[in-house]
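Understanding the architecture of this molecule
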Amino acid sequence: MSRQPKIAPSLLSADFAHLADEVARVADADWLHVDVMDAHFVPNLTLGLPVAQAIQAVSPVPLDCHLMIENPERWAPGYAEMGARNVTVHAEACTDPRAVARDLRAAGALAGLAIKPGTPLEDYLDVLPDFDTLLVMSVEPGFGGQSFIADVLPKARKARELVDAGHLTLLVEIDGGINADTIEQAAEAGVDMFVAGSAVYGADDPAQAIAALRAQAASAMSG
Ligand code: DX5
Ligand code: ZN
């Protein structure tokens, strides 16, 4: 069974003073990952709906909005309504993940569920049929440039098994510390979509970094 690896550069590592230019530099990415942080669910604060909308307006790449915020029930549908392809909320922040997924899909987006490194996948297996993507966090959410936590890979592997066995229909996404040294182990564990911030925007040539990461993941998947 051949899977195609997909790369989602994270704008968190881009130059925020030149967002339109930074978006254009990764035009050949699969999704563009936009990290929304509220200084409550995570200690950091980034951007909200108006800035995401401005990015959406200039991006040739579908947006993948990762909401690291409290009360996602209140805010997530707005990101779907403005045209994001995928909107991911944190399981730990939701009182009713199924209801959020329903609202996101009704607004025309894919619905994503994110779990922090310490959150067991088992706690959310019953709600995953309502979601389109599972985001396995491989760092503590909040900041770019952290080291990859390989201990989360069994969660990606388990999700992959459930998808391959036909029990779930999910894109398996990983976020945090993905680079040339770590992407192969994530690909072998069954990840489809790789978020990479510093590894793409920290490179001299982001387009070339995307191509190199994609090729590395593809060879690990087929190997
Ligand atoms: C962290 C964010 C990530 C971050 C990844 O909370 O969710 O998307 O940008 O950055 P790197 O790839 O540098 O770990
Ligand atoms: Zn993210």
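Note that the structure is predicted; figures quoted are calculated from it, not measured. Numbers given to residues run from 1 along each chain, matching the order in which its sequence is written. Written order determines the labels here, with chains lettered from A and ligands numbered from 1. Confidence filtering applies because this is a predicted model: local features only for residues at pLDDT of at least 70, side-chain atom pairs given and counted only at 80 or more, and all residues used for totals across whole chains, interfaces and linings. Water and hydrogen atoms were dropped before computing side-chain values, which therefore reflect all heavy atoms in the structure.

As a further point, take the nonpolar core. Across soluble globular proteins, nonpolar side chains show a tendency to be buried alongside one another. Among the nonpolar cores identified, the biggest contains 67 residues, and L11, L32, I55, L67, V87, I174 and F194 are the most heavily contacted of them. Excluding residues within four positions of it along the chain, L11 makes contact with F16, L19, E22, V23, L32, H33, V34, I55 and Y201. We define the nonpolar core as a collection of buried residues of types Ala, Val, Leu, Ile, Met, Phe, Trp, Tyr and Cys that are connected through side-chain atoms lying within 4.5 Å of one another. For every residue, the accessible area obtained with a 1.4 Å probe (protein chains only) is divided by the maximum for its type, and the residue is called buried under 20%, exposed over 50%, and partly exposed between those limits. Only heavy atoms matter for contacts: two residues are in contact if any of them lie within 4.5 Å across the pair.

Quick look at the coordination of the zinc ion (ligand 2) now. Four donors placed tetrahedrally about a metal ideally form angles of 109.5 degrees, and six donors placed octahedrally ideally form angles of 90 or 180 degrees. Looking at the zinc ion (ligand 2), the protein donor atoms are H33 (NE2), D35 (OD), H66 (ND1) and D175 (OD), and they sit 2.0 to 2.2 Å from it. Only nitrogen, oxygen and sulfur atoms qualify as donors, provided they sit within 2.8 Å of the metal or within 3.2 Å for Na, K and Ca; with water excluded from the atoms, sites may seem incomplete. Taken in sequence order, the residues that donate to the zinc ion (ligand 2) follow the motif H-x1-D-x30-H-x108-D. With a gap of 142 residues between them, H33 in strand β2 (residues 32-37) and D175 in strand β7 (residues 171-175) connect regions that are remote in the sequence. The exposure classification of H33 matches that of D175, with both residues buried. Secondary structure elements follow DSSP: runs of H or I no shorter than four residues count as helices, runs of E no shorter than two count as strands, and numbering proceeds from the N terminus.

This brings us to helix α8 (residues 206-222). Helix span, as expected, comes to 1.5 Å for every residue beyond the first. The end-to-end C-alpha distance of α8, which contains 17 residues, comes to 24 Å, matching closely the 24 Å that a straight helix rising 1.5 Å per residue would cover. Those residues of α8 lying buried are P206, A209, I210, L213, Q216, A217, A220 and M221. Taken around the axis of α8, the buried residues stretch over an arc of 135 degrees, which confines them to a single face. Among the structural elements, β1 (6-9), α6 (183-189), β8 (193-196) and α7 (198-201) are those in contact with the buried residues of α8. If you check the start of α8, you find a side-chain oxygen 3.1 Å away from the backbone N of A207, and it comes from D205. Directions pointing from the helix axis toward each C-beta atom define the arc. Polar contacts here mean pairs of N or O atoms no more than 3.5 Å apart (in protein, one a potential hydrogen donor and the other a potential acceptor; neighbouring residues in sequence count only if both atoms are side-chain atoms).

This paragraph deals with the packing of helix α3 (residues 72-81) against helix α4 (residues 97-106). Packed helix pairs are specified by the crossing angle of their axes together with the interaxial distance, meaning the distance between the axes. As a packed pair, α3 and α4 sit with axes 8 Å apart at the nearest point and diverge in direction by 20 degrees. On the basis of the axis angle, α3 is roughly parallel to α4. The hand of the α3/α4 crossing is right-handed. Between α3 and α4, the residues in contact are E73, A76, P77 and A80 and V100, D103 and L104, respectively. Ten residues, namely Ala, Val, Leu, Ile, Met, Phe, Trp, Tyr, Cys and Pro, are considered nonpolar, four, namely Asp, Glu, Lys and Arg, are considered charged, and the remaining ones, Gly among them, are considered polar. Classifying every residue of the contact of α3 with α4 gives five nonpolar, no polar and two charged. Lines are fitted to the C-alpha atoms to define the axes, a helix being fitted only along its stretch in contact, and any angle between axes, read from their N-to-C directions, falls within 0 to 180 degrees. We call two directions roughly parallel when the angle between them is under 35 degrees, roughly antiparallel when it is over 145, roughly perpendicular when it lies between 65 and 115, and oblique otherwise. Rotating anticlockwise by less than a right angle from the far helix to the near helix defines a left-handed crossing, while the corresponding clockwise rotation defines a right-handed one.

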